[in-house]
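# Summary of structural features
The primary structure of each chain is shown beneath.
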Amino acid sequence: MPKKLLLLLLILFQTLSFAQKKVLDHDDLALWSTIEDEAIAPNGSYLLYSLEKGEKDHFLKIQDIQGNFLLTYDRGQKGIFTHDSKHAIFTIKPWKDSIMALQKRKVKKDKLPKDSIGIFSVQTKELKKIGNIKSFKVPEKWSGYLAYQLEELKKETSSKKDSTAEQEKKKDKPKKANKKNGYHLVVHNLENQQQDTIKFVTEYVFAKKGKWLAYVSTGETKDDEIGIYVRNLSSGQTINLHQAPKAKYFQLAFSESGKQFGFIADTDTTKVQLRPNELYFWSSGKSDAERLIDNKTAPKGYVVSKYGKVHFSEDESKLYFGLAKPPIVKDTSLLDEEIVNVEVWTYDEPRLYTVQELQLKNDSIQSFTTAIHLQDKKVVPIGDMTFTDADLGDKGNAEIALARTGKPYELASQWTARRYYDYKVIDVKTGTTLREFKKTPNLRLSPKANYAYGYSRVDSTWFAYNTRTGKYTGLTKGEHFYSEENDYPNFPFPYGLAGWTKNDKDILIYDRYDIWKINPETGKKTKLTDGRASKTVYRYLDLDEEEEAIDLDEPLLLSTFEETTKDAGYVTFDVKNSKITPLISGPYRYSRPKKALLNDNLIYTRQSFEEFPDLWGADLGFKNPKKLSLANPQQDAYNWGTMELVEWISLDGKKLQGMLVKPEDFNPSKKYPLLVNFYEKSSDGMHRHRHPRAERSTINYSFYTSRGYVIFNPDVEYRVGYPGESAYNCVIPGVTSLIEKGFIDKDNIGVQGHSWGGYQIAYLVTKTDIFKAAESGAPVPNMISAYGGIRWWTGLSRQFQYEHTQSRIGGTPWEYPARYIENSPIFNIDKINTPLLIMHNDADGHVPWYQGIEFFVSLRRLGKPSWFLNYNGEPHWPLKLQNRKDFNIRMAQFFDHYLKGDAQPYWMKHGVPPIAKGIAQGYELLEEK
């Protein structure tokens, strides 16, 4: 066959193949699944995960490590393996459509279908389903038992042997399973299938390692006393630790071995506001619990807190709990018309009133870590009303602890965006202060508590204090262990650290590319990897979350990232021999692997724009990696896209990178509409997969490329004081460089972004008419009014954002008024000729939504084509599925109208008046006249 004919046939075949592929539409989004709750069995032989399809129902999959399916179960999710890997336990939810159908029929909540659980034996392949489940738990480090709570027991008919009096007693004292009374707890032996039912249990917990179960029961009748019990599951013995009428129990906690147990009890039946909480302790061999401390015996000015976490040191020598300051007692006799309802804001309060208001609940339940030495019952406060936070070293075993307060520096932090603290090193045996550190950045204790360490942004230096001597050692002063690309009006952040080696001998700290071993006492440094020359980033992957120290005698698993190509992979690193062995790499993004607890098998994901992050299995050598899941086989039927890196020169003369996404059936001789979408720097995420879904704030890349758009995401580098101009200098030449390539329709270019991206778009359209249409989400058109606003989710003033962080002005409006005006689109809004779609929601806790209103009403005043979307009650982005779907439909219709010439939808021509809100959406396209 002639070569020319063969080439023509090949081109024809490819054309027909692409032509046969579908184009994504909004309804197709429901076909896509995501992988959730993936887990590998402790023995490494099995894995499980669930597929959530269309953000609705889940489908559980259990497989062996070779990929063979053992069980597929519709509606199954949140599966876990038992520690012996013999069983998988999972939740079974009702079909979502069924629940919604019943809700539409006004079926009461307590009559709706309840959850079930599945108990699957991976050895026998037997599945047992149990309905009406409230909750379930399995032990963490041992096996053989499952405990679950039932919403209700099957109704029992009275026995013929019951006397009439007994039947009347049951009739007189009915008790219903609910949150107050508790639910029936079934303790199920997975080995012999025997089970025991304990009625009306409000709380239950397994020991981590020992075969013990603790629970609180309110009794079988209304008159029964409430009690707390521990059960030895090896012997079957049950011990009543404490019991009292209407008692309440909190913070149930076993020691690791299960041989010790602590809890808080409140036995007062009155409604006094100061609750008489008591801390109790039990140890194996005792017949009941011992009261250790109550409000009368607590240190002066403090009471026992029911909110403070009760836990044991790992060596079980100490019991930790929380003390609190007594609550402010309210006068409950006052009527509403007698209560003054005013907020008093004070200029020099450490926290702004709005912050205090949002933190009111946390303030009211705040507690301070306190230790009790179990041998002599000595109480040692660690935190207090001033030094409120505590860090316990060596899993609670250490002889010292670190207590801190940030109160002296809170006021200034609201505009400097820098946090400082005063610290005390506390002797846990005596409670005495060994030494103090003043106005220090955040400190953490090394695993064995030999050092308190941190990073000083002002000095751009990692440092360590010896907790025994107080000696300060600057570890990285004058060297680049801080962000080399910092473009904020603030001191740079660090690159982070891998962790500490055994016995706190060395700390492993990252620079931009490499891992360094640094002696915390002397500051002596050794570079372990050598990635700078090739621009390869090496990072340590911790495969054992419980192991606090890094063992340099064993090979380390590292991730790699190529800055230039954005390719990634895994390598092993033999520290002793300074040898790096590549394992796997490529044009993908790889996840942090999950390793089996008891062997070297692991699961991980890899992804690219074209490849969904399915699960893969391998061992630590990655010799024969195997794909284990196929979440979205339907993707092959759709026209997708390809992603590549592009480069250009900014107007400042800087070489920049960006992502260019083309349709799968791209033809360089055609002209394509272009959508520009950006935030700051995104090119490092080039290999991130974007499956079709209803996005909350951005265009969905796969959706738009399937429909014939080219997408461009340019990186932006900023100059302090001129963020708007910086965006222009980076984005616009990137767009023009693409136009010069010949495949972009220069008359049909749109731009879309949200929040910081939304601001930059608002700025750009005041400076250029290159965009035919723009969507600007949660924008800030007026930096002057926004500077004085509140971030309502946190209560913080927005001042820090403009002076020192993302908005990059570099000072206050009275220091740099010209910068605020120059960077505020509102002052040049009359220059806008680009039609705008604005989305800003009335519950936005990040950007005040009146900023979006300022933008829209100004455009409206000038008669500029513009539309405003406000999803009532939604925050910075719409979260509810129906609202995200609506946003994606309207945005697609907006861009399709302006960039592809599609007919205008009804809502763009006539709006949706309040009388039709939630009824008529106005999606229908109008006929051209």
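Notes on the structure follow. Just so it is clear, the model here is predicted, and its values are computed rather than measured.

To continue, consider the overall build of the protein chain. In terms of regular secondary structure, the protein chain is built from 15 helices and 55 strands. Radius of gyration (C-alpha) of the protein chain: 32 Å, near the 30 Å computed for a compact globule of 929 residues. With the C-alpha coordinates of the protein chain rotated into their principal frame, the extents come out at 90 × 75 × 70 Å. Taking the intrachain contacts of the protein chain between residues at least 6 apart in sequence as the baseline, contacts between residues at least 24 apart amount to 55%. When the accessible surface of the protein chain is summed, it comes to about 44,900 Å², and 50% of that surface belongs to carbon and sulfur atoms. Of the side chains in the protein chain, 130 bear a positive and 120 a negative charge, and the two mean positions are spaced by 2 Å.

Before going further, it helps to examine the packing of helix 8 (residues 723–739) against helix 9 (residues 756–764). Following both chains from N to C, one finds helix 8 and helix 9 inclined at 80°, their axes separated by 9 Å at the closest point. Relative to helix 9, the element helix 8 is oriented roughly perpendicular. In this structure, helix 8 uses Pro 723, Gly 724, Glu 725, Ala 727, Tyr 728 and Val 731 to contact helix 9, whose residues at the interface are Trp 756, Tyr 759, Gln 760, Tyr 763 and Leu 764. Among the residues forming the contact of helix 8 with helix 9, the class breakdown is eight nonpolar, two polar and one charged.

We now examine the nonpolar core. Of all hydrophobic cores here, the largest spans 45 residues; its most connected members are Leu 674, Val 676, Phe 678, Phe 712, Met 783, Tyr 802 and Phe 855. Tallying contributions element by element places helix 9 first for this core, with six residues. Residues contacting Leu 674, with those up to four places away along its chain left out, are Val 710, Ile 711, Phe 712, Val 735, Leu 738, Ile 744, Asn 748, Ile 749, Gly 750 and Leu 899. Among the nonpolar cores identified, the runner-up in size contains 33 residues, and Tyr 704, Leu 837, Tyr 871 and Phe 894 belong to it.

Applying the stated criterion to the full structure yields 50 aromatic pairs. When the centroid spacing of 6.3 Å and the interplanar angle of 50° are considered together, the rings of Phe 281 and Phe 312 count as tilted. In this pair, Phe 281 is assigned in strand 17 (residues 278–283) and Phe 312 in strand 20 (residues 311–312), connecting sequence segments 31 residues apart. Overall, the relative accessible area of 10% leaves Phe 312 in the buried class. By the ring-pair criterion, three or more aromatic residues cluster together here, those being Tyr 249, Phe 254, Phe 261, Phe 263 and Tyr 280. Here the basic side chain of Arg 404 rests over the ring of Tyr 421, its NZ or CZ set 4.1 Å away from the ring centre. For the cation-ring pair, Lys 424 lies above Phe 387, with the distance from its terminal atom to the ring centre recorded as 4.5 Å.

Looking now at the pairing of strand 50 (residues 744–754). Counting buried positions along strand 50 yields eight of 11 residues, so the element is predominantly enclosed. Strand direction decides the pairing type here: strand 48 (residues 672–677) and strand 50, joined by five bridges, are parallel. Its bridge partner lying in strand 50, Val 676 is registered against Val 751. Direction of pairing for strand 50 relative to strand 51 (residues 773–777): parallel, over a ladder of five bridges. Pairing of Gln 752 across the sheet is with Glu 775, part of strand 51.

The rules we used
- Residues numbered from 1 in each chain as written.
- Predicted model: local features only at pLDDT ≥ 70, side-chain atom pairs only at ≥ 80, totals over all residues.
- Heavy atoms only, no water.
- Helix = DSSP H or I, 4+ residues; strand = E, 2+ residues; numbered from the N terminus.
- Rg over C-alpha atoms; globule rule 2.2 N^0.38 Å.
- Contact = heavy atoms within 4.5 Å.
- Areas by Shrake-Rupley, 256 points an atom, 1.4 Å probe, with all protein chains shown as cover.
- Lys, Arg positive; Asp, Glu negative; His and termini not counted.
- Charge placed at Lys NZ, Arg CZ, Asp CG, Glu CD.
- Axes fitted to C-alpha atoms, helices over the stretch in contact; angles between N-to-C directions.
- Parallel < 35°, antiparallel > 145°, perpendicular 65-115°, else oblique.
- Nonpolar A, V, L, I, M, F, W, Y, C, P; charged D, E, K, R; others polar.
- Core = buried A, V, L, I, M, F, W, Y, C linked by side-chain atoms within 4.5 Å.
- Buried < 20%, exposed > 50% of the residue type's maximum accessible area, 1.4 Å probe, protein only.
- Phe/Tyr/Trp six-rings, centres within 6.5 Å; stacked < 30°, edge-to-face > 60°.
- Lys NZ or Arg CZ within 6 Å of the ring centre and 35° of its normal.
- Pairing = 2+ DSSP bridges.

Keep in mind these values describe shape, not function.
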